[in-house]
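Understanding the architecture of this molecule
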Amino acid sequence: MGHPHFRLTRQETDTAFGDAAAGRTVVLGDEIGSGSSATVYRAKLVHAWGIERPIAVKVFDATASDDRDAVLGTMAAAARGVAQLHHPNVAQVYEFGVLDGARPFVFEELVDGASLPTLIADYESKGQRVPLDLALFLGVEIAEGLDGARTGAGSCDGASGGRMCLVHGDLSAREVLLSKLGEVKLTDFGGASAARVVSSIRSYSSVAKRAATIAPEVIGGDEPGPRSDVFSLGTLLWEMLVGPRFPRDLEDASVLLHARAGYVHTTVFDPQLPAPLKAVLRRALDPDPSKRFPHAGAFAFELRRIALAMGVGDGRVFLRYAVKRLRGEGAPDDAMPTGEIEAVPTSSDLVVATPASGTVRKATRAEPPVS
Ligand SMILES: Nc1ncnc2c1ncn2[C@@H]1O[C@H](COP(=O)(O)OP(=O)(O)O)[C@@H](O)[C@H]1O
Ligand SMILES: [Mg+2]
């Protein structure tokens with residue numbers, strides 16, 4: 001039987017699909033935001049027959065010409081790896097390309113909602129940390145995304161032309177996108193390797209700003225791996241449940257020093273956190289990678305066990321409400337579903353020991369962000 005636009009024979013499929021694909025148009029919409037190296041737009045991919053798919057278009061800054069090939073190669077490899085995946089906790093990558101020979105771009109799944117820093121800041125502005133049930137839910141979802149990428153994209157011996165090992169490499173709260181449906185999706189896989197390629201042009205202070213979520217061995221120059229992703233997730237849970245890993249007023253040089261030592265506040269473990277959760281966080285945040293969970297899958301398992309033991313159910317509904325509230329679309333606070341566990345209170349004073357000198361100083365907890 002014929003089809004008005006293409007015939008489904010093996011030989012002709014490619015050309016026919018090629019024609020269909022050529023008819024696509026990208027209609028750029030509003031800017032969603034921009035980060036350290038790219039701007040993200042809401043967009044529509046319009047196909048023939050009026051099929052429209054909402055997407056996010058991310059356009060990176062032009063790469064410097066001296067290491068352009070290396071940067072583009074690394075970014076394309078990361079995009080190829082993620083594009084193979086279909087995992088509920090990883091934002092899908094549809095296309096990778098280069099504009100004007102210098103500006104890499106990706107088309108990816110539009111995660112319409114908010115991102116994790118906004119959620120954390122929202123609770124912080126009320127003097128709270130992220131509620132325990134919500135944090136556990138987020139932790140499990142992020143861990144599942146990391147592990148889905150790790151296992152779904154093949155083994156780590158990409159050297160001999162095998163599939164690359166998908167390590168996130170630069171997991172921070174900014175790379176955790178939260179949808180209005182209560183989904184949690186990771187983005188920007190492979191960022192660290194791209195970052196390393198451009199390290200020659202990166203300033204000391206931008207490294208320092210990102211250092212709070214990077215594993216000590218990676219700061220020291222090791223390749224990121226599944227265990228460094230575990231550490232980064234540990235720092236995110238830490239930030240959600242307890243507070244920033246380093247005091248916010250720490251100078252760049254001290255941040256790097258602390259980060260290299262794998263340092264986390266000594267009074268870290270808020271006594272109000274359940275003991276098994278403290279133990280799990282300690283393990284994830286161990287400065288020695290061999291003592292951490294070997295991969296995020298094992299971390300997810302332990303987090304879920306804790307949630308189950310506490311009788312904490314599915315946190316997705318809370319996340320859905322929280323995202324709506326952040327967007328000013330939600331029900332007022334008092335219409336939140338009951339059953340949400342109280343926000344974990346935070347200590348107002350944290351004692352900070354500087355690892356190198358052994359000196360101890362007091363740091364007050366970060367002020368809520370200015371609005
Ligand atoms: N796939 C996506 N869907 C929706 N929003 C996104 C997507 N990817 C990134 N964003 C948002 O776009 C903004 C810029 O992203 P990005 O350039 O990755 O910044 P950063 O360096 O902070 O990670 C952020 O606010 C982020 O939440
Ligand atoms: Mg990002």
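Provided above is the structure to which this section pertains.
Residues numbered from 1 in each chain as written. Chains lettered and ligands numbered in written order. Predicted model: local features only at pLDDT ≥ 70, side-chain atom pairs only at ≥ 80, totals over all residues.

**A word on the overall build of the protein**
A count of helical and extended segments in the protein gives twelve helices and ten strands. Split into buried and exposed, the 371 residues of the protein put 39% on the buried side. Put simply, 66% of the contacts in the protein that link residues at least 6 apart link residues at least 24 apart. (Helix = DSSP H or I, 4+ residues; strand = E, 2+ residues; numbered from the N terminus. Buried ≥ 20, exposed ≤ 12 C-beta atoms within 10 Å, placed from the backbone. Contact = placed C-beta atoms within 7 Å.)

**Quick look at the sheet that holds strand β8 (residues 184-186)**
As summarised here, the arrangement of the three strands in space is β6-β7-β8, forming an open sheet in which the pairing is antiparallel. A single partner strand is all that each edge strand has here, and the edge strands are β6 (113-115) and β8. For this sheet, the mean inter-axis angle between neighbouring strands, taken without regard to orientation, is 25°. Note that strand β7 (residues 176-179) and β8 share three bridges and pair antiparallel. Paired with Leu177 across the bridge in β8 is Lys185. Of the strands in this sheet, β7 and β8 are in contact with helix α4 (residues 132-152), which crosses β8 at around 40°. (Pairing = 2+ DSSP bridges. Axes fitted to C-alpha atoms, helices over the stretch in contact; angles between N-to-C directions.)

**Section: helix α3 (residues 116-125)**
If you check which residues of α3 are buried, you get Leu116, Leu119, Ile120, Tyr123 and Glu124. For α3, the arc enclosing every buried residue in end-on projection is 135°, short of the 170-degree limit, so these residues lie on one face. The secondary structure elements touched by the buried residues of α3 are β6, β7, α8 (226-241) and α12 (316-326). One or two positions beyond α3, positive phi appears at Gly127, with a value near 75°. (Arc of directions from axis to C-beta.)

**With respect to the site of ligand 1**
Taken together, 20 residues lie near ligand 1, and Gly33, Gly35, Val40, Ala56 and Ser115 sit nearest. Broken down by secondary-structure element, the contributors of at least two residues to the shell around ligand 1 are β1 (25-34), β2 (38-46), β3 (52-60) and β5 (103-109). Ranked by residue count, the leading element in the shell around ligand 1 is β1, at three residues. Here the shell around ligand 1 spans two domains, since at least three of its residues come from each of domain 1 (10-109) and domain 2 (114-364). (Near = placed C-beta within 6 Å. Domains from an automatic or database assignment.)

**Some points on the packing of helix α10 (residues 275-284) against helix α11 (residues 296-309)**
In contact at an axis separation of 10 Å, α10 and α11 are set at 165° when each is read in the N-to-C sense. With respect to α11, the axis of α10 lies roughly antiparallel. Judged by the twist between their axes, the crossing of α10 over α11 is left-handed. The residues of α11 that touch α10, namely those facing Pro276, Leu277, Val280 and Ala284, are Phe299, Glu302, Leu303 and Ile306. In terms of residue class, the contact of α10 with α11 is made up of seven nonpolar, no polar and one charged. (Parallel < 35°, antiparallel > 145°, perpendicular 65-115°, else oblique. Left-handed = near helix turned anticlockwise from the far one by under 90°. Nonpolar A, V, L, I, M, F, W, Y, C, P; charged D, E, K, R; others polar.)

**Digging into the sheet that holds β3**
Through backbone hydrogen bonds, the strands of a sheet pair up, either in parallel or in antiparallel fashion. With antiparallel pairing, five strands are arranged side by side in an open sheet as β1-β2-β3-β5-β4. Both edges of this open sheet fall to β1 and β4 (93-99), since each of them pairs with a single strand only. Geometrically, the sheet is characterised by an average inter-axis angle of 25° between neighbouring strands, direction not taken into account. Pairing between β2 and β3: nine bridges, direction antiparallel. When the sheet's bridge partners are listed, Ala43 is paired in β3 with Ile55. Each of β4 and β5 touches helix α2 (residues 68-83); the most contacted strand, β4, lies at about 165° to it.

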